[in-house]
Every structure is written in structure tokens, then in C-alpha cells.
Amino acid sequence: MHFDPGLFPGNSIFWHMLYTYWTSFTLEVKLVLVGYIFVLLYIATRGEKKAKLFFVVSFVVLLIVCLNPWMCRYLLDNWGFFERYFRFFWIIPVSMGYMYVVFRLYEKASKKQRMLLVSVVGVFFIWSCWCVARQTGFDDVYTGAIPNTGMIPVSNIYKVEDDIVEVTAMIEADSGNPYVDKKTLYDHDVFIEMRTYDASLIPVVNYGMVPADKNMEEAIANSNYMAMVCIYFTGNTDGVTETNVSAELLKNAMDNTDCQYVILKNDNYYMEYWKEAFTSLGTAGRYTVFKVK
């Protein structure tokens, strides 16, 4: 969520969150969600008793328990659910509802109608796969969203990038305690895998979305140490001169953050400064791990 919830008093935060979700969806997702309204109406009028209980009643219960403006405000203020509130919507069995309606129609259809229904479902399935591939990349769909293995699926049992397994092992061996949180700087490319495999490596920047548009001269003028670190991390050269970048300046900037470890790509533009300023724990695939505190 890219806005301050404190700017929306009372129940207005709920409606603004819904607006934010909706404007973030692709057209395909919007069509699926709108279609689910008709799915619920069909089940409510023509579904079996158990189906009505599972799909319709459960949906109403969700609306009462959490998916309404008053409970939204309570959960945000008392439980801190701002960034995770949308996960309540995941409980709604959208795909199961569609499948129930499809099978229900199939049972009642004639032979020709069944062939037509199967064709429609097949086209919808191919269309869905195309949408996923178009949004995430064909290689990622094949390999399970592993960016550096090409068309070869990963072999480890965790089904995450091999580099991540090795990188995590280095940090855990150095920290000596896998149960203590370690503030770590890494980028968004590995955020999902990192959070899945080792949640104790807390990203210094939320979701690993390290900004790549910072200007070094502005960061120095404003004593924005995190912005300086982001420049060294992303390899950005805006506002960079021969005199305002060095290993000493990088170390000074890092000392003013709460970062403990850095997972850096080996082709980083400022790698020489990182190696001079900090202790390297080792290299794994595309990454080098640095202990900065």
C-alpha cells in the first residue's frame, strides 16, 4: 500500500483501500472478480444446500467479521493489519466457486452443450496461462519464477533459487542464531523466495524495493544515509563525482542505518568499494554476501 493510512480518518480508509486494490488489478483480474458476483448469485438461486452454505453464507460471514469499514478500522488500529488487510480477500474461494458452477452446468447440459462448455473452459484456461506468462515472463512460468536458471528447474527440495539457499546459510552461520532477525539489504528479485525460505532475514527496505532513482549530491546535502546506501547498492550514478564516493563514505553511510548484512549482485558497479569497506562472507552464484555490522 503506497499511502499513509493516518490521512484517512474513520471508515474512509476502507473505501480508499478498496479503490487502491481495484486500480492495481489488471483487466483480467477485474473480469474474474466481477464474474464471481454472478457465480454467487447462481449458487444462491440454483445451487445445492451445501454449496449455498459454503459459498454464500461463508462470504456473508466474512463481510460481517472483517470485510467491512468498521472492522477494517479496528483491525488497522489495534492489530496493525494495514499492509496485510487485503489477504482477508484471499479467503474467498473464487476459483472453487467457478469450478462448482462449471461442474453444475456440465451435469445439466446435453452432449453438444457439454462439448461447448469444455471448449469454453479450455479457451479460458489457455487465456489464463497467456495472461500469467505475459505478466511474469515465459521463463519464470516454466522454472517457477527462478530468474537465473534459464529453462532448467531448480533441484533443491525447497524449490527456491540455489543461490538463496547458499546465501542464507552464510548469514545464519555468521549470526550463530537462526531464530534472531537479521536486517538485510537485498533487492526485490529475491524478496518472495527469501521471505519463503528464511523469514528471519528482514529486508531493510520494504519488499526489497530498493529505489534506483536517488541522487548522490542531494543525499549528501540532506544527510540521507539510506539514500546513499541505495545508490551504492543499485549502482546508480546520478549526482556521483570522483570525490563523493569511496569505501570510507559507504561505510559511514551504512553505520547510520540499522542494516546488518547485504546481499549484493556480483556485477554491482561499486563492488570495489563494498569489498574494501566490509567483510565478505562469500559468494553464491550471482551474489556476494557482506557483513556490515
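Residues numbered from 1 in each chain as written. Predicted model: local features only at pLDDT ≥ 70, side-chain atom pairs only at ≥ 80, totals over all residues. Heavy atoms only, no water.

### Things to note about the overall build of the protein chain
Here comes step 1: Helix and strand counts for the protein chain stand at 13 helices and five strands.
Here comes step 2: When burial is assessed residue by residue, the protein chain has 37% of its 293 residues classed as buried.
Here comes step 3: Partitioning the intrachain contacts of the protein chain with sequence separation of at least 6 by distance along the chain shows that 56% fall at a separation of at least 24.
Here comes step 4: By element, 62% of the accessible surface of the protein chain is carried by carbon and sulfur atoms, the whole surface being about 17600 Å². (Helix = DSSP H or I, 4+ residues; strand = E, 2+ residues; numbered from the N terminus. Buried < 20%, exposed > 50% of the residue type's maximum accessible area, 1.4 Å probe, protein only. Contact = heavy atoms within 4.5 Å. Areas by Shrake-Rupley, 256 points an atom, 1.4 Å probe, with all protein chains shown as cover.)

### Focus on helix α11 (residues 225–234)
Because an α-helix packs 3.6 residues into every turn, residues spaced three or four apart end up facing the same way.
Here comes step 1: The buried fraction of α11 is high, at seven of ten residues.
Here comes step 2: Here α11 has its buried residues at A227, M228, V229, C230, I231, Y232 and F233.
Here comes step 3: Close packing links the buried residues of α11 with β1 (182–185), α10 (216–221), α12 (247–255), β3 (261–265) and α13 (271–277).
Here comes step 4: Following α11 by one or two positions, G235 has its phi on the positive side, about 85 degrees.

### Section: the nonpolar core
Here comes step 1: If you look at the biggest cluster of nonpolar residues, it comprises 29 residues, and the most contacted ones within it are L185, Y232, M254, V262, W274, F278 and F290.
Here comes step 2: Listing elements by their share of this core, those giving two or more residues are α10, α11, α12, β3 and α13.
Here comes step 3: When residues in this core are grouped by element, the largest group, seven residues, is from α11.
Here comes step 4: Apart from the residues lying within four places of it in its own chain, the contact partners of Y232 are M216, N244, V245, S246, L249, L250, N268, Y270, Y273 and W274. (Core = buried A, V, L, I, M, F, W, Y, C linked by side-chain atoms within 4.5 Å.)

### Brief notes about a nonpolar patch on the surface
Here comes step 1: Taken together, W22, F25, V29, L33, V34, I37, F38 and L41 make up a surface patch of nonpolar side chains, about 710 Å² in accessible area.
Here comes step 2: Counting residues per element, the nonpolar patch draws most heavily on helix α2 (residues 27–46), at six residues.
Here comes step 3: Note on placement: L33 falls in helix α2. (Patch = residues over 30% accessible without salt bridge, like charges linked within 9 Å, V, L, I, M, F, W, Y side chains within 5 Å. Salt bridge = Lys/Arg side-chain N within 4 Å of Asp/Glu carboxyl O.)

### Some words on the environment of W22
Here comes step 1: Its location among the elements puts W22 in helix α1 (residues 12–24).
Here comes step 2: The spacing of W22 and L33 is eleven residues in sequence and 10.0 Å in space, taken between C-alpha atoms.
Here comes step 3: Non-local contacts of W22, meaning those with residues more than four positions away in its chain, are made with K30, L33 and V34.

### Considering the pairing of β1
Here comes step 1: Bridge count between β1 and strand β2 (residues 201–203): three bridges; the pairing is parallel. By the bridge assignment for β2, K182 is matched with L201.
Here comes step 2: Considered for its hand, the β-α-β crossover made up of β1, helix α9 (residues 191–197) and β2 is right-handed.
Here comes step 3: Sheet topology places β1 next to β3; two bridges connect them, and they run parallel. Within β3, the position partnered with L185 by the bridge is V262. (Pairing = 2+ DSSP bridges. Right-handed = clockwise from strand over helix to strand, strands pointing away.)

### Thoughts on the environment of A169
Here comes step 1: Note that A169 resides in helix α8 (residues 162–175).
Here comes step 2: Separated by 29 residues in the primary sequence, A169 and D198 have C-alpha atoms spaced 9.7 Å apart.

### Let's talk about the side chain of S200
Here comes step 1: Relative to the helices and strands, S200 resides in the loop between α9 and β2.
Here comes step 2: Here S200 falls in the buried class, since its relative accessible area comes to 7%.
Here comes step 3: Here the side chain of S200 touches E172 through a polar contact of 3.1 Å, side chain to side chain.
Here comes step 4: What S200 contacts, discounting residues up to four positions off in sequence, is E172, P178, V180, D181 and K182. (Polar contact = N/O pair within 3.5 Å; in protein donor to acceptor, adjacent residues only side chain to side chain.)

### Thoughts on the packing of α1 against helix α4 (residues 69–79)
Here comes step 1: Relative to each other, α1 and α4 sit at 95 degrees, their axes nearing to 8 Å. One finds that α1 runs roughly perpendicular with respect to α4. Contact with α1, carried on its side by I13, F14, W15 and M17, involves P69, C72, R73 and L76 of α4 and no other residues of that element.
Here comes step 2: Split by residue class, the contact of α1 with α4 holds seven nonpolar, no polar and one charged. (Axes fitted to C-alpha atoms, helices over the stretch in contact; angles between N-to-C directions. Parallel < 35°, antiparallel > 145°, perpendicular 65-115°, else oblique. Nonpolar A, V, L, I, M, F, W, Y, C, P; charged D, E, K, R; others polar.)

### Overview of the pattern of salt bridges
Here comes step 1: Tallied over the entire structure, the rule returns nine salt bridges.
Here comes step 2: Two residues, K182 and E172, come together in a salt bridge whose shortest N-O distance is 2.8 Å. On the criterion of sequence distance, the pair formed by K182 in strand β1 and E172 in helix α8 is long-range, its members being ten residues apart.
Here comes step 3: What makes K182 buried here is its relative accessible area of 2%.
Here comes step 4: The class for E172 is buried, based on a relative accessible area of 15%.
Here comes step 5: Across the salt bridge formed by K251 and D255, the nearest N and O atoms sit 3.6 Å from each other. With K251 and D255 both in helix α12, this residue pair falls four residues apart, about one helical turn.
Here comes step 6: Judged by relative accessible area, K251 falls into the partly exposed class, the value being 37%.
Here comes step 7: Its relative accessible area of 41% is what places D255 among the partly exposed residues.
Here comes step 8: One salt-bridge network, held together by shared partners, links D187, D189 and K265.

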